[in-house]
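Remarks on the overall topology
Next come the chains, spelled out residue by residue.
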Amino acid sequence: MNINSPIIDFKQVCFSFSDDRFLFKDLSLAVESGSFNLIKGPSGIGKSSLLKLINRIHDPQAGEIHFKGKPLETYQPQLLRRQVLYVQQTPLVSIGSVKDNLLLPFLFKANHDLTKPDDIRLEKLLAEFYLDRINLNDSALNLSVGQQQRICFIRGLLLSPDVILLDEPTSALDEESSRIVDASAARLCRVSGKTVIMVSHKNLNANDIKPRILKLENGKIRET
Amino acid sequence: MQTAVVDIGWVQLCFGLFFILIAGLASFFQALGLERKLLIGTVRTFAQLFLMGYILKFIFAINNAWLVILIFVFMIFFASRTIYKSVDEKQVSFFFPTFLSMLISFFFVAILVTSVIVDVAPWWKPQYFIPLGGMVIGNSMNAIALALERLLSGLRARRQEVEMMLCHGADYKEASREILREAMKAGMIPSINSMMAVGIVFIPGMMTGQIIAGADPITAIKYQIVVMIMLVGSTTIATLLIVLIVRRLCFSSGQQLLLRPQYK
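The rules behind the values
Residues numbered from 1 in each chain as written. Chains lettered and ligands numbered in written order. Predicted model: local features only at pLDDT ≥ 70, side-chain atom pairs only at ≥ 80, totals over all residues. Buried ≥ 20, exposed ≤ 12 C-beta atoms within 10 Å, placed from the backbone. Helix = DSSP H or I, 4+ residues; strand = E, 2+ residues; numbered from the N terminus. Pairing = 2+ DSSP bridges. Core = buried A, V, L, I, M, F, W, Y, C linked by C-beta atoms within 7 Å. Contact = placed C-beta atoms within 7 Å. Axes fitted to C-alpha atoms, helices over the stretch in contact; angles between N-to-C directions. Nonpolar A, V, L, I, M, F, W, Y, C, P; charged D, E, K, R; others polar. pLDDT = per-residue confidence, 0-100. Parallel < 35°, antiparallel > 145°, perpendicular 65-115°, else oblique. Left-handed = near helix turned anticlockwise from the far one by under 90°. Expected span 1.5 Å × (residues − 1).

Regarding the pairing of strand β3 (residues 36-40) of chain A
Residues and elements named next belong to chain A. When you tally the buried positions in β3, you get four out of five residues, the bulk of the element. Sheet topology note: the β3/strand β8 (residues 195-199) ladder contains four bridges and is parallel. The partner of Ile 39 across the bridge, within β8, is Val 199.

A short note on unusual backbone geometry
With an omega of -5 degrees, the peptide bond between Ala 121 of chain B and Pro 122 of chain B qualifies as cis. Mapped onto the elements of the fold, Pro 122 of chain B is located in the loop between α5 (95-117) and α6 (126-157). With a phi close to 50 degrees, Gln 12 of chain A is a non-glycine residue in the positive phi region. Here Gln 12 of chain A is to be found in strand β1 (residues 8-16). Assessed through the 13 C-beta atoms surrounding it within 10 Å, Gln 12 of chain A is described here as partly exposed.

Let's talk about the nonpolar core
Membership of the largest hydrophobic core comes to 115 residues, with the highest contact counts inside it found for Leu 165 and Val 196 of chain A together with Ala 147, Leu 148 and Leu 151 of chain B. Per-element accounting of this core gives the leading share, 15 residues, to α6 of chain B. Sequence-distant contacts of Leu 151 of chain B, defined by excluding residues within four places in its chain, comprise Ile 179, Leu 180, Ala 183, Val 243, Val 246 and Arg 247 of chain B.

Some remarks on the sheet that holds strand β6 (residues 84-87) of chain A
Residue and element names in this part refer to chain A. Across the sheet, six strands lie side by side as β6-β7-β8-β3-β9-β10; this open sheet has mixed pairing. Every other strand in the sheet has two partners, leaving β6 and β10 (220-223) as the edge strands with one partner each. Mean inter-strand twist for the sheet, computed between neighbouring axes without regard to direction, equals 20 degrees. Sitting on the sheet, helix α6 (residues 175-190) is in contact with β3, β7 (163-167) and β8, with an inclination near 150 degrees to β8.

Here we look at the interface of chain B and chain A
Across the contact, 15 residues belong to chain B and 23 residues belong to chain A. No other element matches helix α7 (residues 159-167) of chain B, which puts six residues into the side of chain B that touches chain A. A breakdown of the residues in the side of chain B that touches chain A according to their chemical character gives four nonpolar, six polar and five charged.

Points about the sheet that holds strand β5 (residues 70-71) of chain A
Residues and elements named next belong to chain A. The strand order β2-β1-β4-β5 describes an open sheet built from four strands, whose pairing is antiparallel. The open sheet has two edge strands, β2 (22-31) and β5, and neither has a second partner. Pairing between strand β4 (residues 62-67) and β5: two bridges, direction antiparallel. In the strand pairing of β5, His 66 is matched with Pro 71.

Observations regarding the environment of Phe 106 of chain B
Residue and element names in this part refer to chain B. By secondary structure assignment, the location of Phe 106 is in helix α5. For the pair Phe 106 and Ile 137, spaced 31 residues apart in the sequence, the C-alpha separation amounts to 7.3 Å. Beyond its immediate stretch of four places on either side in the chain, Phe 106 contacts Ile 76, Gly 133, Val 136, Ile 137, Ser 234 and Ala 238.

A look at the confidence of the model for chain B
Taken residue by residue, chain B gives an average pLDDT of 89. The fraction at 70 or more is 97%. Across the whole predicted complex the pTM is 0.85, and at the interface the ipTM reaches 0.92.

Section: the packing of helix α5 (residues 145-157) of chain A against α6 of chain A
Residues and elements named next belong to chain A. The contact between α5 and α6 brings their axes to 10 Å, and the two run at 15 degrees. Overall, the two elements α5 and α6 adopt an arrangement that is roughly parallel. The handedness of the crossing between α5 and α6 is right-handed. Contacts between α5 and α6 involve Gly 146, Gln 149, Arg 150 and Phe 153 from the former and Ser 177, Ile 180, Val 181 and Ser 184 from the latter. For the contact of α5 with α6, a count of residues per class yields three nonpolar, four polar and one charged.

What about α6 of chain A?
With 16 residues, α6 of chain A extends 22 Å from end C-alpha to end C-alpha; this agrees with the ideal 22 Å at 1.5 Å per step. Those residues of α6 of chain A lying buried are Ser 177, Ser 178, Ile 180, Val 181, Asp 182, Ala 185, Ala 186, Leu 188 and Cys 189 of chain A.

A word on the packing of helix α10 (residues 205-212) of chain B against helix α11 (residues 217-249) of chain B
Residue and element names in this part refer to chain B. In the contact formed by α10 and α11, the axes pass within 9 Å of each other and the chain directions differ by 155 degrees. One way to sum up the angle between α10 and α11 is to call them roughly antiparallel. In the packing of α10 onto α11, the handedness of the crossing is right-handed. For the pair formed by α10 and α11, the contact residues are Met 206, Met 207, Gln 210 and Ile 211 on the first element and Pro 217, Ala 220, Ile 221, Tyr 223, Gln 224 and Val 227 on the second. In terms of residue class, the contact of α10 with α11 is built from eight nonpolar, two polar and no charged.

Focus on the pairing of β7 of chain A
All names here are of chain A. Extensive coverage of β7 is indicated by the burial of five of its five residues. Burial of β7 is two-sided: the residues Val 163, Leu 165 and Asp 167 facing one way and the residues Ile 164 and Leu 166 facing the other way are all buried. Note: β6 against β7, four bridges, orientation parallel. If you follow Leu 85 over to β7, its bridge partner there is Ile 164. For β7 and β8, the ladder comprises five bridges, and the chain directions are parallel.

Next comes the structure, spelled out in structure tokens:
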């Protein structure tokens, strides 16, 4: 990959769920490595679908999307998704402890080459996300929505992705939890050099980073 | 113990329609609107069963292996079609996988039972192969439809969960493992439950028929046990094959869940 080439590059992408209505038509977008991108737009415009095109949960009908200079189809889907991590809008935790939920991705075959983090590392990460009062053996289902959202965030980070796709991560959170999630995302970009693409109706609640704001409308995207 | 079967005379058989008359009157006076259906159902029962009787007489007389196999394939085809119609699914075309899975499992189980357990020679002897195989097909249909319905509705209802796992590096098998298990269980539980209740809650049709025909109750019981075991085996094999194939059809080679919400 050329040092100046974007980490993610949409080239005239068309996408629709049905034949008669395109969500995106000839959409082009370049995302620089290590940048923080905030995507805005009205409900139903396709913000989540745009993120899901980047990790190939959906495929476009026309056009190409490149990751690190190569078309997405050239990557094995499981390995691509590990590098381009998507965190869902609704936190999804299952029956079991916080630790079980955090280590869920390590049960999958494609991730067997990764080193499973020990309890000390997990506790350190919990503390970074202001969850230090939570025990690894606590039931994940008993946590608040804000806490569960942060657990989901940490679960993804354990895979050491290069790109983090956050789908309205603060929509169901209170002010305090939103601030923590926004600050954590900003820190990952600023300190760890991760590329962040966040979809949100709200402004970013973090002072240490100035996001690139993109507006999605009429099937196209424009920078504001 | 083998006594002659008391035949039912034509007039006596028509007396049986008295029960249909009761049902029809109940429907009429309670304004249930079932009279037409009741009439069609009665006519079909008479027509289909008599037709089957004559076909069986013909097959028994011809005594030809290919004809027996052809009839069995036709029965499986019809059962697959019934399942296909009963599961309301517009996105995944599952008719052929269902037909193929039923064909493999039912032939395997039926041949094994007639040739090894009942020990009939030849294995396709129509008097044994068609009734035993037919009972298995008829009784497995609901179980297979149930498993398919559970698989497809589970994948739709738990789409977010499936996609969450895919997003964390799971392949389609890992992401849908739990849903597959539930579908398998839904398909297998009815035949296991039948084994629990048989002889206590109900006396099965085959056993009743043999006893009326004058067979020794112990012989009738042995046949019934064989049928129950066949049912568990064929349901398990058919359900497993069908859910594995249909699950594969629900995902793309890019490990994407293809099923979308389905509106009626």
